[in-house]
Amino acid sequence: MKVLLVYAHPEPRSLNGALRDVTIKALEAEGHDVRVTDLYAEGWKSEIDRADFPALASDTRFKPSRASKDAFATDTLTADVKAEQEKLLWADALILQFPLWWYSMPAILKGWVDRVYAYGFAYGVGEHSDKYWGKRFGEGTLAGKRAMLVVTTGGWEEHYSSRGVNGPIDDLLFPINHGVLYYPGYDVLPPFVAYRVDGLGEAGFEATAERLRERMRALATTTPIPYRRQNGGDYLIPTLELRPDLETADARGFALHLNGATQ
Ligand SMILES: Cc1cc2nc3c(=O)[nH]c(=O)nc-3n(C[C@H](O)[C@H](O)[C@H](O)COP(=O)(O)OP(=O)(O)OC[C@H]3O[C@@H](n4cnc5c(N)ncnc54)[C@H](O)[C@@H]3O)c2cc1C
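Throughout what follows, the structure given in this document is the object of discussion. Predicted model only: the values in this text are computed from it and were never measured. (Residues numbered from 1 in each chain as written. Predicted model: local features only at pLDDT ≥ 70, side-chain atom pairs only at ≥ 80, totals over all residues. Heavy atoms only, no water.)

### Things to note about the pairing of strand β2 (residues 33-38)
Consideration 1: Direction of pairing for strand β1 (residues 2-7) relative to β2: parallel, over a ladder of six bridges. Note that in β2 the partner of tyrosine 7 across the bridge is aspartate 38.
Consideration 2: After leaving β1, the chain enters helix α1 (residues 15-29) and then returns to the sheet as β2, a path that is right-handed. (Pairing = 2+ DSSP bridges. Helix = DSSP H or I, 4+ residues; strand = E, 2+ residues; numbered from the N terminus. Right-handed = clockwise from strand over helix to strand, strands pointing away.)

Here it is in structure tokens:
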């Protein structure tokens with residue numbers, strides 16, 4: 001497989017830096033082709049602004065989604081964004097690796113999503129009508145490809161359990177797994193999460209690295225999270241609410257969007 005690793009940590013000698021190297025080695029040992037986007041090392045520009053749309057006239061009101069749509073349609077997106085889109089189209093699998101910062105991804109990675117996921121590329125794809133609400137959540141430009149998160153946290157696993165004070169990790173990662181990865185069509189694999197890493201030490205590192213190698217060996221075969229397809233009949237269109245008869249008694253919130261399962 002061809003694998004793109006998008007990596008967000010400012011320090012190459014960090015734990016994340018070491019785990020990135022473990023990932024690359026494990027994937028290459030399996031015969032996969034690996035490309036890396038190292039956001040800090042490459043000085044990725046994280047904010048969307050007018051500079052992203054050189055074709056936009058200086059007296060035109062800047063509306064980001066409109067500018068994105070026009071620039072994608074006329075092939076005038078900036079070279080850094082086009083290069084990332086090309087890598088996404090090249091890759092059979094995408095891995096986003098980052099430390100959990102304030103319950104989410106670092107700003108530089110969010111900015112990669114904001115800029116690379118252009119209108120017409122990741123959203124605004126396909127017919128939008130009263131019968132069909134765009135190619136998304138199970139369909140889209142990146143359908144047929146796999147994606148997964150590799151995340152480190154300072155908090156303990158218990159802090160992210162169903163009764164943990166931070167909230168369940170599957171809920172915290174839902175906006176990324178479902179909103180960012182499933183939206184443009186990826187089959188999303190369960191995340192790799194290394195908890196309580198701040199005092200990891202050598203033995204802890206080796207155990208974590210081995211767990212990660214195992215996930216990389218299984219990248220092509222791991223069963224994806226069974227999210228429901230938006231246009232597969234489970235949702236009312238255009239309200240996009242789950243059909244009431246499909247609700248299971250014990251599923252609430254994000255877990256409603258899992259096919260026949262509870263979280
Ligand atoms: C702005 C900010 C917000 C945060 N928000 C959250 C949050 O919302 N929730 C949460 O849970 N945590 C949060 N944290 C904590 C953060 O998630 C962790 O500090 C981070 O995941 C650690 O990853 P790192 O790569 O920076 O680790 P590092 O600090 O580089 O390393 C951590 C430990 O791993 C070991 N280690 C490192 N490198 C190696 C190596 N090569 N070999 C062997 N052992 C090694 C060492 O024991 C080291 O102390 C936050 C931190 C910041 C800075």
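### Description of the packing of α1 against helix α6 (residues 201-217)
Consideration 1: Put simply, α1 and α6 touch, their axes get as near as 9 Å, and they point 40° apart. By the angle between their axes, α1 is oblique relative to α6. Judged by the sense of rotation from one axis to the other, the crossing of α1 with α6 is right-handed. Between α1 and α6, the contacting residues are Leu15, Ala18, Leu19, Val22, Thr23, Ala26 and Leu27 on the first element and Phe205, Thr208, Ala209, Leu212, Arg213 and Met216 on the second.
Consideration 2: Taken together, the residues that form the contact of α1 with α6 break down as ten nonpolar, two polar and one charged. (Axes fitted to C-alpha atoms, helices over the stretch in contact; angles between N-to-C directions. Parallel < 35°, antiparallel > 145°, perpendicular 65-115°, else oblique. Left-handed = near helix turned anticlockwise from the far one by under 90°. Contact = heavy atoms within 4.5 Å. Nonpolar A, V, L, I, M, F, W, Y, C, P; charged D, E, K, R; others polar.)

### Some words on the site of the ligand
Consideration 1: Lining the immediate environment of the ligand, one finds 22 residues, of which His9, Asn16, Thr152, Gly155 and Tyr160 sit closest.
Consideration 2: Within the backbone of leucine 15, one N or O atom sits 2.8 Å away from an oxygen atom of the ligand.
Consideration 3: Summarising the interface, the protein chains cover 68% of the accessible area of the ligand, which totals 1,000 Å² for the free molecule.
Consideration 4: Sorting the residues of the shell around the ligand by element identifies α1 and α6 as the ones contributing at least two each. (Near = heavy atom within 4 Å. Polar contact = N/O pair within 3.5 Å; in protein donor to acceptor, adjacent residues only side chain to side chain. Areas by Shrake-Rupley, 256 points an atom, 1.4 Å probe, with all protein chains shown as cover.)

### What to know about helix α2 (residues 64-73)
Consideration 1: The set of residues buried in α2 consists of Ala67, Ser68 and Ala71. One side of α2 carries all its buried residues, which in axial view fall inside an arc of 100°. Of the exposed residues in α2, those oriented more than 90 degrees away from the buried face are Arg66 and Ala73.
Consideration 2: Where α2 terminates, the next one or two residues include aspartate 75, which has phi positive at roughly 55°. (Buried < 20%, exposed > 50% of the residue type's maximum accessible area, 1.4 Å probe, protein only. Arc of directions from axis to C-beta.)

### Points about the pairing of β1
Consideration 1: Judged by how many residues are buried, β1 sits mostly within the fold: five of six residues are covered.
Consideration 2: Where β1 meets strand β3 (residues 93-99), five bridges bridge the pair, whose relative direction is parallel. In the sheet register, leucine 4 faces β3, and the bridge partner there is leucine 94.

### Considering the side chain of serine 68
Consideration 1: Within the secondary structure layout, serine 68 lies in helix α2.
Consideration 2: Once residues lying within four places of it in the same chain are set aside, the contact partners of serine 68 are Phe53, Ala118, Tyr119 and Tyr123.

### What about the packing of aromatic side chains?
Consideration 1: Here the structure, examined in full by the defined rule, presents eleven aromatic pairs.
Consideration 2: Taking 5.7 Å as the distance between ring centres and 45° as the angle between the ring planes, the aromatic pair formed by phenylalanine 53 and phenylalanine 62 counts as tilted.
Consideration 3: Classification of phenylalanine 53 as buried rests on a relative accessible area of 7%.
Consideration 4: Residue classification places phenylalanine 62 among the partly exposed positions, given a relative accessible area of 23%.
Consideration 5: Taken together, Phe137, Phe174, Tyr182, Tyr183, Tyr227 and Phe254 form an aromatic cluster joined through their ring pairs.
Consideration 6: In this arrangement the basic side chain of arginine 20 is found over the ring face of tyrosine 7, its NZ or CZ atom lying 4.6 Å from the centre.
Consideration 7: The ring of tryptophan 90 is capped by arginine 35, whose NZ or CZ atom sits 4.9 Å from the centre of that ring. (Phe/Tyr/Trp six-rings, centres within 6.5 Å; stacked < 30°, edge-to-face > 60°. Lys NZ or Arg CZ within 6 Å of the ring centre and 35° of its normal.)

### Observations regarding the pattern of salt bridges
Consideration 1: Applying the stated criterion to the full structure yields 18 salt bridges.
Consideration 2: Aspartate 75 is paired through a salt bridge with lysine 82; the nearest N and O atoms lie 3.2 Å apart.
Consideration 3: Here aspartate 245 and arginine 243 are joined by a salt bridge, their closest N and O atoms 2.7 Å apart.
Consideration 4: Looking at arginine 243, the relative accessible area reads 28%, which means it is partly exposed.
Consideration 5: One network of salt bridges, in which partners are shared, links Lys45, Asp49, Asp52, Asp80 and Arg115. (Salt bridge = Lys/Arg side-chain N within 4 Å of Asp/Glu carboxyl O.)

### A closer look at the nonpolar core
Consideration 1: Leu88, Leu96, Phe98, Trp112 and Leu181 are the most contacted members of the largest nonpolar core, which totals 49 residues.
Consideration 2: At the level of elements, β1, α2, α3 (79-90), β3, α4 (107-116), β4 (146-152) and α5 (169-182) are the ones that each hand at least two residues to this core.
Consideration 3: At eight residues, the largest contribution of residues to this core is made by α5.
Consideration 4: Dropping the residues within four chain positions of it, leucine 88 is found in contact with Leu4, Leu94, Trp112, Val116, Tyr117, Phe121, Leu142, Lys145 and Tyr186.
Consideration 5: Tyr7, Val22, Ala93 and Phe205 belong to the second-largest nonpolar core, a separate cluster that totals 22 residues. (Core = buried A, V, L, I, M, F, W, Y, C linked by side-chain atoms within 4.5 Å.)

Note that every value here comes from positions in space, so none of it alone points to a role or purpose.
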